[in-house]
Amino acid sequence: MTAAPTIAPARGAALSAVPDPAPPAPRRDARPDPADLYAALDLGTNSCRMLIAQPKGNQLHVVDSFSKSVQLGHGLEAFGRLSRQSMARTVSALKICKSKLQRHDVKRMRLVATEACRRASNAPDFISVVEREIGLDLEIIQPEEEARLAVVACAPLVSTRTDQLLVVDIGGGSTELVWIDLSRVPRLERPRAIMRLHQGFDTADTVFPKAKVVDWISIPLGVATLKDLYRDVTDDGARFALMSWYFEEQLAEFSPYVDAADQTREGFQIIGTSGTVTTIAASHLGLRRYDRNKVDGLRMTSDQIDAVVRDYLELGPAGRRHDPRIGRDRHSLIMSGAAILQALLRAWPTDRLSVADRGLREGLLYAQMSSDGVLEDGPF
């Protein structure tokens, strides 16, 4: 059969018989609907971090982010106050955050401050300055909520084989530890049981299978505050040893520490969330350029972490300063963080320390989205 000839329309003729053209491809710069967006800001002792994200199924899709070392707590150990210079650095960073929130027209957000603002005598004045000059409403949260949100953020990394879970959040000014018993929760339900803890830590026994918080503690020592305590010790190795043993002494009030000698590696998992843990993981992998996809969820043994820490000690302060695996913002704080981590691993050796490149911001986002019912059955 001969095909019908194609007739070109005369110039200017109507094209009503021609099918409608395909809809245009979406623009690459198309902005997400502001109605779908959530923001979370974490102002800590050392860093100011923010995420803007939208729910995608049971996960977060990050639209924009911000992270900067502001050293808000610099000098806090000595003077009990936030310094003018530290507040000025932080205000500058918060102005950038405000511009991002405005650019994306974000309406739902939680903007929180943690240990430095909990402890500083002039924190209320600083919060007022931020509200007056920038228009951001910072909320100082208590240690229990900070611990809960760190746990929630790590829920996707919980192994279904884990019976006993320790979540460790090493911050700039404090370290949160949460011990969770999952042994009575059906294996496939364990990550979801962790997610539900955003509603609160209930330590009471129950006949129903749920994640039981055995104990939790917030130790007012983080990478910045512990470093400041021993700033007068000039010997690098001695300073590291003193920091690690001093931190371990602070664990005495944490009830699972009493039974540490009876713990076995079987069925036990530690999840570490902090710049310290991710930096050690990047060093273990030999990454000269940080790659979150390779670090988040990586599992390390106590022995592998010890090897990295020994390498840091052999490098010394000058070597660490120029080591691209550590980075300029982290080199002065990495040994105090490593001291905290090694103290924990002396008490609870593990072959399953999961590295979490996630923390308070993600916990804030998950909690907001979960409360609004826009996540599909939790972040898994």
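Residues numbered from 1 in each chain as written. Predicted model: local features only at pLDDT ≥ 70, side-chain atom pairs only at ≥ 80, totals over all residues. Heavy atoms only, no water.

1. Observations concerning the confidence of the model for the protein
Thought 1: Mean pLDDT over the protein: 86, with 87% of residues reaching 70 or higher.
Thought 2: Residue range residues 1-29 is modelled with pLDDT below 50. Its contacts to residues more than four positions away, or to other chains, number one contact. (pLDDT = per-residue confidence, 0-100. Contact = heavy atoms within 4.5 Å.)

2. Quick word on the packing of aromatic side chains
What describes a pair of aromatic rings is the distance from one ring centre to the other and the angle between the planes of the rings.
Thought 1: Tallying each qualifying case throughout the model produces five aromatic pairs.
Thought 2: Their ring planes at 90° and their centres at 6.0 Å tell us that Phe254 and Trp348 sit as a pair that is edge-to-face. Taken together, the residues span a long stretch of sequence, with Phe254 in the loop between α8 (236-249) and α9 (255-258) and Trp348 in the loop between α13 (334-347) and β11 (353-356) at a distance of 94 residues. Each member of the pair Phe254 and Trp348 is classed as buried.
Thought 3: In this structure, Arg346 is placed above the aromatic ring of Trp245, and the distance from its NZ or CZ to the ring centre is 3.9 Å. (Phe/Tyr/Trp six-rings, centres within 6.5 Å; stacked < 30°, edge-to-face > 60°. Helix = DSSP H or I, 4+ residues; strand = E, 2+ residues; numbered from the N terminus. Buried < 20%, exposed > 50% of the residue type's maximum accessible area, 1.4 Å probe, protein only. Lys NZ or Arg CZ within 6 Å of the ring centre and 35° of its normal.)

3. Digging into the pattern of salt bridges
As a working rule, side chains carrying opposite charge can pair if their charged atoms are close by.
Thought 1: Throughout the structure, instances matching the rule amount to 19 salt bridges.
Thought 2: The shortest N-O distance in the salt bridge between Arg148 and Glu144 comes to 3.9 Å. Placement of the pair is Arg148 and Glu144 together in helix α5 (residues 143-153), with a separation of four residues, close to one helical turn.
Thought 3: Several salt bridges share partner residues, and in doing so they unite Glu77, Glu115, Arg118, Arg119 and Glu146 into one network. (Salt bridge = Lys/Arg side-chain N within 4 Å of Asp/Glu carboxyl O.)

4. Details of the nonpolar core
Thought 1: Formed by 46 residues in total, the largest nonpolar core has its most connected members in Leu166, Leu177, Ile280 and Trp348.
Thought 2: It is α13 that contributes the most residues to this core, 10 residues altogether.
Thought 3: Apart from the residues within four sequence positions on either side, Ile280 is in contact with Met300, Ile305, Val308, Val309, Tyr312, Ile334, Ala338 and Leu341.
Thought 4: Counting 37 residues, the second-largest nonpolar core is a separate cluster that includes Val158, Ile194, Phe201 and Leu364. (Core = buried A, V, L, I, M, F, W, Y, C linked by side-chain atoms within 4.5 Å.)

5. Examining the environment of Ile134
Thought 1: By the element assignment, Ile134 lies in the loop between α4 (123-133) and β5 (139-140).
Thought 2: A residue is classified by how much of its surface remains accessible, and Ile134, at 8% relative accessible area, is buried.
Thought 3: Separated by 37 residues in sequence, Ile134 and Cys97 have C-alpha atoms that sit 9.7 Å apart.
Thought 4: Contacts of Ile134, omitting those with residues within four sequence positions, involve Val91, Leu94, Lys95, Lys98 and Val129.

6. Thoughts on the sheet that holds strand β4 (residues 108-113)
Thought 1: Spatially, five strands are ordered β3-β2-β1-β4-β5 in an open sheet, and the strand pairing comes out mixed. At either end of the open sheet lies a strand with only one pairing partner, and these are β3 (59-69) and β5.
Thought 2: Relative to strand β2 (residues 47-56), strand β1 (residues 38-43) is paired through six bridges, and the arrangement is antiparallel. Looking at the pairing, Leu41 lines up with Met50 of β2. (Pairing = 2+ DSSP bridges.)

7. Quick word on the sheet that holds strand β8 (residues 212-219)
Remark on secondary structure: sheet strands pair via backbone hydrogen bonds, oriented parallel or antiparallel.
Thought 1: Strands sit in the order β8-β7-β6-β9-β11-β10 across an open sheet of six strands; the sheet is mixed. Looking along the sheet, the strands with just one partner apiece sit at the ends: β8 and β10 (299-300).
Thought 2: Bridge count between strand β7 (residues 175-181) and β8: seven bridges; the pairing is antiparallel. In the sheet register, Glu176 faces β8, and the bridge partner there is Ser218.
Thought 3: Packed onto the sheet, helix α10 (residues 275-285) meets β6 (164-170), β9 (268-273), β10 and β11 and runs at close to 105° relative to β11. (Axes fitted to C-alpha atoms, helices over the stretch in contact; angles between N-to-C directions.)

8. Topic: the packing of α10 against α13
Thought 1: In contact at an axis separation of 9 Å, α10 and α13 are set at 95° when each is read in the N-to-C sense. The angle between α10 and α13 places the two elements in the roughly perpendicular class. Contacts between α10 and α13 pair Thr276, Val277, Thr279 and Ile280 from the former with Ile334, Gly337, Ala338 and Leu341 from the latter.
Thought 2: In terms of residue class, the contact of α10 with α13 is made up of five nonpolar, three polar and no charged. (Parallel < 35°, antiparallel > 145°, perpendicular 65-115°, else oblique. Nonpolar A, V, L, I, M, F, W, Y, C, P; charged D, E, K, R; others polar.)

9. A few points about the pairing of β3
Thought 1: Judged from the 10 bridges that link them, β2 and β3 form a sheet pairing that is antiparallel. Residue pairing in the sheet places Leu51 in a bridge with Ser65 of β3.

10. Notes on α4
Thought 1: Those residues of α4 not exposed but buried are Ala123, Phe126, Ile127 and Val130. On an axial view of α4, the arc spanned by its buried residues comes to 100°, and they lie on one face. With respect to the buried face of α4, the exposed residues turned more than 90 degrees away are Pro124, Asp125 and Arg132.
Thought 2: The secondary structure elements touched by the buried residues of α4 are β1, α2 (84-104), α3 (115-119) and β5.
Thought 3: Downstream of α4 by one or two residues, Gly135 has phi in the positive range, about 85°. (Arc of directions from axis to C-beta.)

11. A closer look at unusual backbone geometry
Thought 1: With a phi angle near 50°, Gln71 is a residue other than glycine that sits in the positive phi range.
Thought 2: If you trace the backbone, Gln71 turns up in the loop between β3 and α1 (76-79).
Thought 3: In the Ramachandran plot, Asp105 falls in the positive-phi region, its phi being about 55° despite a non-glycine side chain.
Thought 4: When you line up the elements, Asp105 lands in the loop between α2 and β4.

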